[in-house]
Amino acid sequence: MLKGIDVSSNNQSFSISGVNFVIVKATEGHTYTNPKQKQQAATARSAGLVVGFYHFLWPGDVDAQAQYFVEHCDSREGDILAVDWETTDVNTRASSAEKDAILHRIKALRPSHRVILYCNRDFWLHHDTTSHACDGLWIADYECSPGHPHITAPWLIHQYTRKPLDTNVARFDSRAAMSSWAGGATIHTPA
């Protein structure tokens, strides 16, 4: 498995030593853009790491949020795009249907990108109603060892700790394999 980190504007600096991928918070709702995302992604790119970006989902108007994400995200072809589905800072959460809708909308807007779902074990087991994670599930579970989240569903990335920052493992044998997967999304053309 590969080690990686995810970062937001709260991470003034971070070490990329020993990691193979970095996923950067790009947007939240339909008004917030991480002002550090370009520099954070550049740090990862300069080391040849796999790069991804995530959008923090709020309840309501998922089409506007999807559009905001793809327009304000500093992604390139081959980058992973993710939706972060969890409780907001005002104690609300998007529904499972909204989670599915934004995943579908982002995939429609960026069909050449891999689009994945991030959520914690509680959301996956108790709030999800469809098991839809688009191209892969990124699961947060801190009560286990790396690579052994307490779920039976297939997962792609496991966030296993938040200390000293969000740290993950991914189910790939090499950075090249993860990069190839990330760049290998099928482009769907209209019939």
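What you see is a predicted model, and the numbers here were worked out from it, not measured in a lab. (Residues numbered from 1 in each chain as written. Predicted model: local features only at pLDDT ≥ 70, side-chain atom pairs only at ≥ 80, totals over all residues. Heavy atoms only, no water.)

**Here's the deal with the confidence of the model for the chain**
Here is step 1 of the chain: Mean pLDDT over the chain: 95, with 96% of residues reaching 70 or higher.
Here is step 2 of the chain: Low confidence marks residues 187-191, where pLDDT is under 50. Its contacts with residues over four positions away, or in another chain, come to three contacts. (pLDDT = per-residue confidence, 0-100. Contact = heavy atoms within 4.5 Å.)

**A look at the environment of P111**
Here is step 1 of the chain: As for its placement among the helices and strands, P111 is situated in the loop between α3 (96-109) and β6 (114-120).
Here is step 2 of the chain: The exposure class assigned to P111 is partly exposed, which follows from its relative accessible area of 21%.
Here is step 3 of the chain: For the pair P111 and T167, spaced 56 residues apart in sequence, the C-alpha separation works out to 27 Å. (Helix = DSSP H or I, 4+ residues; strand = E, 2+ residues; numbered from the N terminus. Buried < 20%, exposed > 50% of the residue type's maximum accessible area, 1.4 Å probe, protein only.)

**What to know about the packing of helix α2 (residues 62-72) against α3**
Here is step 1 of the chain: Running from N to C, α2 and α3 point in directions that differ by 40°, and their axes come no closer than 9 Å. As the angle between them shows, α2 and α3 are arranged oblique. Remark: the crossing between α2 and α3 carries right-handed chirality. On α3, the residues that touch V62, D63, Q65, A66, Q67, F69 and V70 of α2 are E98, A101, I102, R105, I106 and L109.
Here is step 2 of the chain: Counted by class, the contact of α2 with α3 contains eight nonpolar, two polar and three charged residues. (Axes fitted to C-alpha atoms, helices over the stretch in contact; angles between N-to-C directions. Parallel < 35°, antiparallel > 145°, perpendicular 65-115°, else oblique. Left-handed = near helix turned anticlockwise from the far one by under 90°. Nonpolar A, V, L, I, M, F, W, Y, C, P; charged D, E, K, R; others polar.)

**Things to note about the side chain of D128**
Here is step 1 of the chain: Here D128 is to be found in the loop between α4 (121-126) and β7 (137-140).
Here is step 2 of the chain: D128 sits in the buried class, given a relative accessible area of 12%.
Here is step 3 of the chain: Here T130 takes part through its backbone nitrogen, which lies 3.3 Å from a polar atom of the side chain of D128.
Here is step 4 of the chain: A polar contact is formed between the side chain of D128 and the backbone nitrogen of S131, at a distance of 2.5 Å. (Polar contact = N/O pair within 3.5 Å; in protein donor to acceptor, adjacent residues only side chain to side chain.)

**Concerning the packing of aromatic side chains**
Here is step 1 of the chain: Counting across every chain of the model gives four aromatic pairs.
Here is step 2 of the chain: Ring geometry for Y54 against W138: centres 6.2 Å apart, planes inclined by 85°, an arrangement best described as edge-to-face. Residue Y54 is found in strand β4 (residues 50-56), and its partner W138 is found in strand β7; the two are separated by 84 residues along the sequence. For the pair formed by Y54 and W138, the shared burial category is buried.
Here is step 3 of the chain: On the basis of an interplanar angle of 90° and a centroid distance of 5.0 Å, the ring pair of W85 and F123 is categorised as edge-to-face. Here F123 lies in helix α4 and W85 lies in the loop between β5 (80-84) and α3, a separation of 38 residues in the sequence.
Here is step 4 of the chain: For W85, a relative accessible area of 0% gives the class buried.
Here is step 5 of the chain: Taking the relative accessible area as the measure of exposure, F123 reaches 3% and is therefore buried.
Here is step 6 of the chain: Among the aromatic residues, ring-to-ring pairing joins Y54, Y118 and W138 into one connected group. (Phe/Tyr/Trp six-rings, centres within 6.5 Å; stacked < 30°, edge-to-face > 60°.)

**Topic: the side chain of Q159**
Here is step 1 of the chain: By secondary structure assignment, the location of Q159 is in strand β8 (residues 157-161).
Here is step 2 of the chain: What makes Q159 buried here is its relative accessible area of 0%.
Here is step 3 of the chain: Look past the residues within four positions of Q159 in its chain and what remains in contact with it is D6, Y118, W138, I139, A140, D141, Y142, D166, T167 and N168.

**Re the nonpolar core**
Here is step 1 of the chain: The biggest cluster of nonpolar side chains holds 38 residues, and the ones touching the most others in it are V22, F53, I106, L117, C119, W124 and L137.
Here is step 2 of the chain: If we skip the residues at most four places from it in the chain, W124 touches L117, C119, S131, H132, A133, L137, I139, I151 and A153. (Core = buried A, V, L, I, M, F, W, Y, C linked by side-chain atoms within 4.5 Å.)

**Considerations on the pattern of salt bridges**
Here is step 1 of the chain: Applying the stated rule across the entire model yields nine salt bridges.
Here is step 2 of the chain: For the salt bridge of R121 with E143, the shortest nitrogen-to-oxygen distance reads 3.2 Å. Of this pair, R121 sits in helix α4 while E143 sits in the loop between β7 and β8, placing them 22 residues apart in sequence.
Here is step 3 of the chain: When salt bridges with common partners are traced through the structure, they connect K99, D100 and D128 into a single cluster. (Salt bridge = Lys/Arg side-chain N within 4 Å of Asp/Glu carboxyl O.)

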